[in-house]
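Chain by chain, the residues:
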Amino acid sequence: MVRPMKTLLAALVAFGLVGAAPALAQDPPRIVIGPGVIEPMPIAVPTFIDEGGAGEYAREISRVVISDLEGTGFFRNIGEEAYISRISSFDGGIAFEDWKAINAQVLVTGAVSVSGDRITVKFRAYDVFNGQTLEGAALQFAGTTQGWRRMAHKVADVIYSKITGESGYFDSRVVFVSESGPKNNRLKRLAVMDYDGANVAYLTDSSSIVLAPRFSPQGDRIIYTSYETGFPRITLLDVGSLRRQTLEEQPGTMTFAPRFSPDGGTIVFSLERGGNTDIYALSLSGGGLRQLTNAPSIETAPSFSPDGSQIVFESDRTGTPQIYVMPASGGEGTRISGGEGRYGTPVWSPRGDYIAFTKQNAGRFHIGVMRTDGSEERLLTASFLDEGPTWAPNGRVLMFTRETSGAGGQATLWSVDITGRNLKQIPTDGPASDPAWSPLLP
Amino acid sequence: MSLAAKSLLLIAVLGLAACNNPDRYGAGGPGGAGGPGGAGAGGIDTTGLGDPNNPTSIAYFNQRVGDRVLFAVDQSTLSPEARSILTAQAQWLMTNTGYAAIIEGHADEQGTREYNLALGARRAAAVQNFLISQGVPANRLRTISYGKERPIEVCSEEACYAKNRRAVTVLSVGAGS
């Protein structure tokens, strides 16, 4: 019998998602999988058991776990109508033969109880073939009922992580720009949502243009460009209190494209003076402003490497925008983009292995990834206008803005794997742009 | 007057209404969402555009002198036509010393948000530098870039892109900051 779980792992290895899987060395994949196609693993997630007062929560949590897992494209949930046996108690015995018979490779059982505003969620994930709990996949989460979706995401993160060998990314948030109004008078406001589009909360009103928000590495602050003062300026927002602070102005300049350093203590950004844009760094603890590039060309879109030692950025010093890497202390940088077309908005993966970017070539826009030396360039998307990738906390999924053309053109949020698989739109209430992923929540 | 010209005038009026806040587009003016800090919530300084036949009027500047110049793709160099418009703008500004100007740089939608902000700034600065070279005092001029955030034409064809790659000299009453 073919073991799809191993097949999935083998496929992930083949596509570079998993560095090494020595346990599979003597067990080569038995299904030949075409480029970019992985047969999803069948799993069964029976509705979690209500162990008291849980009501809708048990059903909704099960639904979110399934949605998270299926949303990766790696899993296919088997509908309850196919079940042979039921799970009636969390600690009762399991007839694994019944789950094998419907070809479930993984069975997830769970239970939910609610007391007052406290909710407890526990779950186990089984390797149906062995009849064993997946190691480390039997956990309990407790908190307030308000956080029920987060607990569902945490359940799914554990399962995803055990089966793919990657860290999870479901228990995360995304800050973005919510858009309304016509193309020539777009209203923009900052909003934050769960990674899957749920739980939207607005952080600013739409009285001034806001652009390109970014989370701090701790997820407690957001930095973005705002026209609130009348001119583009970098603004720091405390997520908890929603207090805003505009960074000290350098007279006669415009500042934009900010990002945090990995330790959250420094920001890098573009500063324009007299028409020329260079990259600067500012210590948030009062260390002053440092100029990192000094060229008559446009230097913008800086992004730190996860170890904080380097910065990748965009420059048009050769006549077209290309991607360069320089030490965090500044300098000329080394060009890493080599293909045809224009490259912009480079972002270093939180795992350090890839740089995501926007590419414009032959009238189309693409989101792509390349190694940090520019090799192995791979375009993942193509459309009239795709731009501004942001990494999921596990460095394996990207979210970006896709805008349609013409007078009625609108922006929407999309995500795609770094293999180019599983391209899909993130549901939002209205047009949305400039997503930025938070770290995995604690 | 064409509808488009009327719209331009309306935009110009809104611009004057918020002379200390060049983000008049984003500010909570008519049709906007309003909110704290929005200029629309405060007092509106009404300034007549005047008669376009009156050479000292803003309407004359906008329509007869020409308030904007256009750029080639990715470029911020001034074409001969642009230089001729800007020469006339400079003469007008030196004659009508009671006005300050904010020069807005814009880009078409074919580019990333960040790059277009920088490109718009380059274009605005090219205009500012030219006006200064023609004798307009620097303290009467400011620049701002909107990147691709505020297209004036909304189609996704070169006919629209060409009009969106622009720098617009927006007048306000006051002799500079």
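The following paragraphs examine the structure supplied in this document. All figures in this text were calculated on a predicted structure; none of them were measured in a lab.

Rules used throughout
Residues numbered from 1 in each chain as written. Chains lettered and ligands numbered in written order. Predicted model: local features only at pLDDT ≥ 70, side-chain atom pairs only at ≥ 80, totals over all residues. Helix = DSSP H or I, 4+ residues; strand = E, 2+ residues; numbered from the N terminus. Buried ≥ 20, exposed ≤ 12 C-beta atoms within 10 Å, placed from the backbone. Arc of directions from axis to C-beta. Contact = placed C-beta atoms within 7 Å. Nonpolar A, V, L, I, M, F, W, Y, C, P; charged D, E, K, R; others polar. Axes fitted to C-alpha atoms, helices over the stretch in contact; angles between N-to-C directions. Parallel < 35°, antiparallel > 145°, perpendicular 65-115°, else oblique. Left-handed = near helix turned anticlockwise from the far one by under 90°. Expected span 1.5 Å × (residues − 1). Pairing = 2+ DSSP bridges.

## Overview of the overall build of chain B
- What chain B contains, in helices and strands, is five helices and four strands.
- Of the regular secondary structure in chain B, the N- to C-terminal order runs α-α-β-α-β-α-β-α-β.
- A burial count over chain B gives 48% of its 177 residues as buried.

## Here's the deal with helix H2 (residues 58-66) of chain B
- Among all positions of H2(B), only Ile58(B), Phe61(B) and Asn62(B) are buried. For H2(B), the buried positions fall inside an angular range of 90° around the axis, keeping them on one side.

## Regarding the interface of chain A and chain B
- Opposite the 40 residues of chain A that make contact, chain B presents 37 residues.
- Mapped by element, the contributors of at least two residues to the side of chain A that touches chain B are strand S10 (210-215), strand S14 (253-260), strand S15 (266-273), strand S18 (299-304), strand S22 (342-348) and strand S26 (386-391) of chain A.
- At three residues, S14(A) tops the list of elements feeding residues into the side of chain A that touches chain B.
- Per-class residue counts for the side of chain A that touches chain B are 15 nonpolar, 18 polar and seven charged.

## Describing the packing of helix H2 (residues 56-71) of chain A against helix H4 (residues 148-164) of chain A
Residues and elements named next belong to chain A.
- Where H2 contacts H4, the two axes come as close as 8 Å, and the packing angle between them is 40°. With respect to each other, H2 and H4 are oriented oblique. In the crossing of H2 with H4, the sense of the turn from one axis to the other is right-handed. Every residue of H4 that contacts H2 at Tyr57, Glu60, Ile61, Val64, Val65, Asp68 and Leu69 is listed here: Trp148, Arg149, Met151, Ala152, His153, Val155, Ala156, Ile159 and Tyr160.
- Taken together, the residues of the contact of H2 with H4 sort by class into twelve nonpolar, one polar and three charged.

## Comments concerning H2(A)
- If you check H2(A), its first and last C-alpha atoms are 22 Å apart, about what 16 residues at 1.5 Å a residue would give, namely 22 Å.
- Each element contacted by the buried residues of H2(A) is listed here: strand S1 (41-44), strand S2 (49-50), strand S3 (75-77), strand S4 (106-115), strand S5 (118-127) and H4 of chain A.

## A closer look at the sheet that holds strand S1 (residues 68-70) of chain B
Residues and elements named next belong to chain B.
- Strands sit in the order S1-S4-S2-S3 across an open sheet of four strands; the sheet is mixed. The open sheet has two free edges, formed respectively by S1 and strand S3 (141-147), since each of these has just one partner strand. Each strand axis lies, on average, 20° off the axis of its neighbour in the sheet, ignoring direction.
- With three bridges connecting them, S1 and strand S4 (residues 166-173) associate as antiparallel partners. Looking at S4, one finds that leucine 70 is bridged to arginine 166.
- Along the sheet, helix H4 (residues 113-133) makes contact with S1, strand S2 (99-106), S3 and S4, crossing S3 at roughly 155°.

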